[in-house]
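Chain by chain, the residues run as shown.
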Amino acid sequence: MSKILIIEDERSIAELERDYLESHGFTAEIEGRGDIGLQKALGGDYNLIILDLMLPKVDGFEICRQIRQVNNIPIIMISAKKEDIDKIRGLGLGADDYMIKPFSPSELVARVKAHLARYERLTGDKLIRGDLIQIRGVVIDKTSRRITIHDQEVMLTSKEYELLLLLASHPNRVFNKEELFERIWGLDSLGDIATITVHIRRLREKIEHDPSKPQYIETIWGVGYRFKI
């Protein structure tokens, strides 16, 4: 049975969400404070988190950011804010979905089911252990620096390899261009940060079946890039 953490300070909304989820066979726990919710999310054994944006002590953005540093479980962000910038920021930090209040509890249950099914399907084909990274047909052998895509070896330049390795080592984490440039080229590098865009394009041409519709390296508009699981 899937266990869900609801981090929501409006008790009536949280209880409605919990009741609907439990009526569909889930176990749901409510936490109204952001700081305690963050502790539970980081230390608990949950399958999905429903996360309100505006919370006391610690807001939903910071909770999402910290969860994504250590865990890739589905996060559905809930907010009364309709501004696109908040949605872009939430998704950029790693939220899997963004729902605007008020919404139908039935729709929430449907999205919970969809995200749990997707996560279970994708993580069944994900392995990050020691010197080997394997995600949905992409295999990176760090010892030999060998890359295969569905058993076909792909030749990458040194920077392309380092860029792919960084992204794949932190699946679902969003890196902005400045961070990628600093991590790959170094603080003292002289160059144009636009080189990140060029390298991402070349990398997609080598590992994606259709570079115009990437399945691995995803652009989070206005934020950066992530390796999607």
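Anything mentioned here points back to the structure above.
Since we're looking at a predicted model, the values are computed, not measured. (Residues numbered from 1 in each chain as written. Predicted model: local features only at pLDDT ≥ 70, side-chain atom pairs only at ≥ 80, totals over all residues. Heavy atoms only, no water.)

A.B. asks: Mind showing me how you'd approach the environment of Met1 here?
C.D. replies: By secondary structure assignment, the location of Met1 is in the segment before β1 (3-7). Sequence separation between Met1 and Gln152 is 151 residues; the distance between their C-alpha atoms is 38 Å. Ignoring anything within four residues of it in the chain, the contact list for Met1 reads Gly25, Phe26, Thr27 and Asn47. (Helix = DSSP H or I, 4+ residues; strand = E, 2+ residues; numbered from the N terminus. Contact = heavy atoms within 4.5 Å.)

A.B. asks: Please clarify how the packing of aromatic side chains should be interpreted in this entry.
C.D. replies: In this description, a pair of aromatic rings is defined by centroid distance and the angle of the planes. Scanning the entire structure with this criterion turns up two aromatic pairs. Considering the side-chain rings of Phe181 and Trp185, the 5.6 Å spacing of their centres and the 10° angle between planes classify their relative orientation as stacked. Taken together, the positions of Phe181 and Trp185, both in helix α7 (residues 177-185) and four residues apart, correspond to about one turn of that helix. Across the pair, exposure class does not vary: Phe181 and Trp185 are buried alike. (Phe/Tyr/Trp six-rings, centres within 6.5 Å; stacked < 30°, edge-to-face > 60°. Buried < 20%, exposed > 50% of the residue type's maximum accessible area, 1.4 Å probe, protein only.)

A.B. asks: I keep staring at the environment of Ala168 and nothing clicks. Help me out?
C.D. replies: Turning to its location among the elements, Ala168 is positioned in helix α6 (residues 158-169). Exposure remark for Ala168: the relative accessible area of 1% places this residue in the buried category. In sequence terms Ala168 and Gln134 are 34 residues apart; their C-alpha atoms lie 8.7 Å from each other.

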